[in-house]
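Below, each chain spelled out in residue letters.
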Amino acid sequence: MKVDLTGKTAVVTGGSSGIGLATARLFLDAGANVAICGRDSDRLASAMEDLGADEARLMSFQCDVLNKEQVNGFARAVEEKFGGTDILVNNAGQARVANFAEASDDDWRDEFELKLFSVIYPTRAFLPLLEKSDIPSIVCSNALLARQPEPHLVLTSSARAAILNMLRSLATEFAPKGIRVNSILIGMIESGQLHRRHKAQAKNGESFDDWSRALARIREIPLGRVGLSEEAAQAIFFLGSPLSSYTTGATLDVSGGLNRNV
Ligand code: NDP
């Protein structure tokens, strides 16, 4: 099935790397205009080069999603260039490793600020544009931790659960406007963070593939491997595009079977 998003615009926060970059590529391939943001200008420039699309259909904007003014500026720039926004992918973020004994008050505040406001600011800024779309949709990159917490990721797990709850309310509140709100629940996807762990932990020249498969066995991931950014991006694309036009308030599991919930 081919989805034609020609003339539509997809915005991807954290689109300069990993899942966000793979998502931007899928929307470009479907004909959409794409706007990505991130904090690091070099990473953004290399993502633009990597995506290699016509500049008439692709833009980047340097912006920290935790800075309200910068996010509002991003929305204005997207409106100026593309005239609106049809799909917003709230993807920017990272995990914070700590158990309860290690976590300070500031760690708790920082983690809740990152996880909640990385969704709140872009959603608020792009809402007026989404309201004018005929296929409006919001998709968030969330984590399986929201439903299946891990003690060594207590901060992230708690904040992810809060997002899951908030998104369910947004889905109901925005439904009369036709704006769908969904999220993916990611287990373990190949990422810069995982590659750094491989470099630090792998012994005797063990390849990333062998090392990550061993990790998947230890973590008891039923499919026996970590996922690819493209596999998470495909789930985001499905939820963001009209392929899922009758789905809102839902989560799509991208965890290789790690999700033990029925
Ligand atoms: P990457 O580290 O590869 O990409 C993260 C992206 O977000 C980068 O473009 C980064 O750019 C951007 N970013 C981070 N913080 C900010 C910020 N404050 N403002 C703007 N941009 C920001 O991660 P993944 O692709 O692996 O992860 C994507 C999302 O999925 C994240 O939210 C992550 O927490 C979540 N996730 C990932 C899992 C995994 O296994 N990979 C598991 C569960 C959830 P820059 O640093 O230049 O700002």
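Residues numbered from 1 in each chain as written. Predicted model: local features only at pLDDT ≥ 70, side-chain atom pairs only at ≥ 80, totals over all residues. Heavy atoms only, no water.

> Give me the lowdown on empty space enclosed by the protein, citing residues and values where you can.
Scanning all chains against the criterion turns up one cavity of 30 Å³ or more. What the largest cavity holds in volume is close to 70 Å³. Along the walls of the largest cavity sit Asn 90, Asn 91, Ala 92, Gly 93, Lys 115, Ser 118, Val 119, Cys 140, Ser 141, Arg 160 and Ile 163, which together make up its complete lining. Of all the secondary structure elements, the ones that give two or more residues to the lining of the largest cavity are α4 (105–130), β5 (137–143) and α5 (154–174). Counting residues per element, the lining of the largest cavity draws most heavily on α4, which supplies three residues. Grouping the amino acids of the lining of the largest cavity by side-chain chemistry returns four nonpolar, five polar and two charged. (1 Å grid on protein atoms, 1.4 Å probe; cavity = no way out; pocket = protein on both sides within 12 Å on 5 of 7 lines; lining within 4 Å. Points joined across faces, edges and corners; volume = space filled by probe spheres on them. Helix = DSSP H or I, 4+ residues; strand = E, 2+ residues; numbered from the N terminus. Nonpolar A, V, L, I, M, F, W, Y, C, P; charged D, E, K, R; others polar.)

> I'd like to hear about the nonpolar core, residue by residue, with values.
Grouped together as the largest cluster of nonpolar side chains are 31 residues, with contacts concentrated most on Phe 74, Val 78, Phe 126 and Ile 138. Of all elements in the fold, only β2 (33–38), α3 (68–82), α4, β5 and α5 reach the threshold of two or more residues within this core. Element by element, the count of residues in this core is highest for α4, at eight residues. Once residues within four sequence positions are removed from consideration, Phe 74 is found in contact with Val 11, Ala 35, Ile 36, Cys 37, Met 59, Phe 61, Cys 63 and Phe 126. Of all hydrophobic cores here, the second largest spans 30 residues; its members include Val 3, Ile 19, Ala 24 and Ala 32. (Core = buried A, V, L, I, M, F, W, Y, C linked by side-chain atoms within 4.5 Å. Buried < 20%, exposed > 50% of the residue type's maximum accessible area, 1.4 Å probe, protein only. Contact = heavy atoms within 4.5 Å.)

> Talk me through the sheet that holds strand β3 (residues 58–62); I want residue IDs and the actual numbers.
Sheet architecture is open: seven strands sit in the order β3-β2-β1-β4-β5-β6-β7, paired in parallel fashion. Looking at strand neighbours, the two that pair on one side only are β3 and β7 (251–254), the edges of this open sheet. With strand direction ignored, the average angle separating the axes of adjacent strands in the sheet is 15°. Relative to β2, strand β1 (residues 9–13) runs parallel, the two being bridged by five bridges. Note on β2: the bridge partner recorded for Thr 13 is Cys 37. (Pairing = 2+ DSSP bridges. Axes fitted to C-alpha atoms, helices over the stretch in contact; angles between N-to-C directions.)

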